[in-house]
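Structural characterization, general
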Amino acid sequence: MLELIEGYYAYFFLILLFLIGLYGMMIKRNLMKKIFGMSIVQTSVILFWITSAFKENATVTVFDPGIGLENPDLYLNPLPHTLMLTAIVVAVVTLGVSFALIIAIYRNYGTLDEPRLLERTR
Amino acid sequence: MNPIQIPLLIPVTFLFASLLTPLAGLLGRSWAHLVSLAGAVFVFFLSLKGLGAALAEGPLRYYVSGWLPPMGIEFVLDPLAGFLEVIITGMTVLVLIYARKSVEIENPDKAVPFYTLTMLLMTGLSGMVITGDLFNLYVFLEISALAGYALLAIGGKRAPFSAFRYLTLGTLGAGFYLMGLVFLFMTTGTLNMADMSRMLPLVNGSFTVTTGLILIILGAGLKMGLFPLHTWLPDAYTNASSAATSLIAPVGTKVAAYIMIRMLIISGFPPLIELLTWVAAAGIIAASILAIAQSDIKRMLAYSSVANIGYIALGITLANPLAFIGAMLHILNHALMKAVLFFAAGGIFIKMGTRDIFQLRGLPKKMPFTAGAMLIAVFSMVGIPPTGGFFSKIYLIFGAIEAGTWFFVAVILISTLLNFVYFFRVIQTSFFKPYENGGTTDDDVKYESMEMDEMSPGMLVPTLIISVVIILVGLFNGAIVDKVITPGHPWFSG
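Here's a quick rundown of the structure.

What counts, and where the lines are drawn
- Residues numbered from 1 in each chain as written.
- Chains lettered and ligands numbered in written order.
- Predicted model: local features only at pLDDT ≥ 70, side-chain atom pairs only at ≥ 80, totals over all residues.
- Heavy atoms only, no water.
- Axes fitted to C-alpha atoms, helices over the stretch in contact; angles between N-to-C directions.
- Helix = DSSP H or I, 4+ residues; strand = E, 2+ residues; numbered from the N terminus.
- Parallel < 35°, antiparallel > 145°, perpendicular 65-115°, else oblique.
- Left-handed = near helix turned anticlockwise from the far one by under 90°.
- Contact = heavy atoms within 4.5 Å.
- Buried < 20%, exposed > 50% of the residue type's maximum accessible area, 1.4 Å probe, protein only.
- Expected span 1.5 Å × (residues − 1).
- Polar contact = N/O pair within 3.5 Å; in protein donor to acceptor, adjacent residues only side chain to side chain.
- Salt bridge = Lys/Arg side-chain N within 4 Å of Asp/Glu carboxyl O.

Residues and elements named next belong to chain B. Contact pair helix α12 (residues 297-317) / helix α17 (residues 406-432): the axes reach a minimum separation of 12 Å and the direction vectors enclose 160°. When the interaxial angle is binned, α12 and α17 end up roughly antiparallel. The hand of the α12/α17 crossing is left-handed. Along the contact surface, α12 presents M300, L301, S304, Y311 and L314, while α17 presents F408, I412, S415, T416, N419, Y422, F423, R425 and V426.

Rendered as C-alpha cells:
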C-alpha cells in the first residue's frame, strides 16, 4: 500500500485536484465559482497527461551530444506535452465562451447566483 | 475527383464555409445563408459519394500530410462513418433551408452568427465521425461543443443561462473523455483507433484500461444526454431558437452516441457494458414518464430525445448483430422524426403563438400540412408500420430476444405504450377535442373562426420532405440494412 502511494502520489494528488474542481462546479452557487471549478478540472487533466510522460533520469526531448541517440530511454516522451498544448488552447477558448455567456446572463437577470437565477427563469 | 481525398474534404469544406460565411454576411444576410447552404449541399454529395466508394472498395483512408498511422493522424471513411456522415449532412441541408425563414422571424440580427456557428458545429461533428485518431476526436469534440454552446445561447432571454449549464456539464464530459484517454494512452502508447483495437486485447482486464474506458463512456454519456446525465438537455433545447434546436437535437447527440459505439468496438465490448444496458433501460422508462409530465411541446420533445437516446444505447450495449442494426436504424429514424417534430413545433409557435400542447386545438384546420407531417412523425415515434420507427423498434426487440433478456423486451414494449400516451395527448387535443356546452364557449368560438394559415413554404418544404423520407425509410428498410448497415457492422466486416 505504502509503495503504491509512494510510486503514484502525483496521480493521487491530481485526482484530488479533479475532485476539488468537480466539487466547485457542482456545489458552489455563484456561476463565477463554477467557472473556477471547471478550470481546475481542465488543469488537473492536463497535468495528468504531463505526469504520464515522466521518466526517471530522463531529459527533455532535444538532441544532446553528451547523451547521444543510442539509448532513447534517456529522453522523455514528447507527445503528451505537444498534445496538451492543444488542450490548453481549448481550455482558454472554453473560458472565453463561458465569460461571454456570463456577461449575457448578468445583462438579462442582474445576478450570477444560481438559485436566484433558477427562480427568475421559472 | 479522387475519392481518396473525400475524408479530408468533408470537415475542411465546412471549416472554409465557416470562414467564408461571415465575410459573405458583410454583403447581406441572404448571402451568408447561400454560402453556408452551398457548403452543406457540397458536403452532402461528397458524403454520398464517399459512402458509395466505401461500400464498393472498402474504407477510404487519408493520411494527413503523408504521415502513416500509427504516427500520423488518419481520416477513415468506413461504411459506418459514411452512414452517419450522410445522415448529419443531409439533416444540415434541410435545417439550413428551414432556418432562413425561421431565423428571420425569431432572431433576425443574429442570422449571420447563426449560419457561421452552424458551419463550425458541422466541422466538429463531421470531423468526429470521420477521424481515426482518438486525440483528434477530442479536438473535433471541443470544436463542435463550443459552437454548440454559442448556438444554443442564441434565443430568448433564458437561453444564455441554459447554455451555460450545458457548457459546464459539456466541459466536464470532455474532461472525463480526456482523463480516460490518458489511461488508455499510458497502457498502450498509441492514439490511433485501429492500432488501439489491436493493442487492447493484449492488456485485457487491466485495471488501468477499465478505469479509462469507464471515464470515456461517462464522458460520451454526458455529451449524448444518457439518462442520469441528461439534466442539461431539456432546458437547453427548450430555450434555444427553434432552428438551433432542430439542428442540434437530431444531429448532435447522435454523434456522441457514435463515439460510444466506436469506443465499444475498439475495446471489443467489455463486460462492463451490461451495467450500461440497465442504465439505458432505466433511462427509457424514466424519460418517457417525465415527458408525460410536460405541457410545453419543446420540453416534451426534449425528454422524448432522452428516451430515444436510451433506445440507441440499449441497442449498442446488448452487443449482438440484430440489436446493433436496430440501434443504427434508430439513429437514422430518430434524426428524421425529431427534425420533423421540432420543425413543426417552431412553425406552430410562430403561427399559433403557443407551445402549450393543450392549446393546440384546431391545428389541422389552421396548418393542415404541418399537422399531417407531424402525424407521420408521431406514428413513427410510437412505432406504427409502415413508418421507419416500427422497424428500428422491431430490430431492437429481436435483438433483446436473441440476447435472451426478456426484461428488456418488456421495457421496449412498455415504453412504446408510454410514447403513445404522451404523443397522443397532442393528437387528441389538436384533432379530436369535442365541443362543450353546444359550441358556445370562448375556445369553441375561437376554433370556429380559425382560417388556414400555413407556415411559409421555405419552412414547410423541408418538413414535408423529411416526413416523406420517414415513410420511405420504413418501406425500404430492408435495402438500407442489407446494403449499408450490415457492411459497417463490426461482427461482419471483422
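Moving on, we get to the environment of Y447 of chain B. All names here are of chain B. Tracing the chain through its elements places Y447 in helix α18 (residues 442-448). In this structure Y447 comes out as partly exposed when scored by relative accessible area, which is 21%. Distance from Y447 to F185, taken between C-alpha atoms, is 64 Å for residues 262 residues apart in sequence.

Attention now moves to helix α16 (residues 388-402) of chain B. Residue and element names in this part refer to chain B. Between the first and last C-alpha of α16 there are 22 Å, a value that for 15 residues agrees with the 21 Å anticipated at 1.5 Å per step. Here α16 has its buried residues at G388, G389, F391, S392, K393, Y395, L396, I397, G399 and A400. Looking at the buried residues of α16, the elements they touch are α12, α13 (321-352), α15 (368-382), α17, α19 (457-475) and α20 (477-485). The first or second residue beyond α16 is G404, which carries a positive phi of 75°.

Once that is clear, we can look at the side chain of S392 of chain B. Residue and element names in this part refer to chain B. Along the chain, S392 turns up in helix α16. When its relative accessible area of 0% is taken as the criterion, S392 is described as buried. Polar side-chain contacts of S392 include one of 3.2 Å to the backbone oxygen of G389.

Turning next to the pattern of salt bridges. Where side chains of opposite charge bring their charged atoms close, a pairing between them can arise. What the rule picks out here adds up to ten salt bridges over all chains. The closest approach of N and O atoms between D296 of chain B and R355 of chain B, which form a salt bridge, is 3.2 Å. Of the two residues, D296 of chain B sits in the loop between α11 (273-292) and α12 while R355 of chain B sits in the loop between α13 and α14 (363-366), which places them 59 residues apart along the sequence. Judged by its relative accessible area of 19%, D296 of chain B is buried. By relative accessible area, R355 of chain B is classed as partly exposed at 22%. Residues joined by salt bridges that share partners form a network here, namely K34 and E114 of chain A together with R165, D235 and R299 of chain B.

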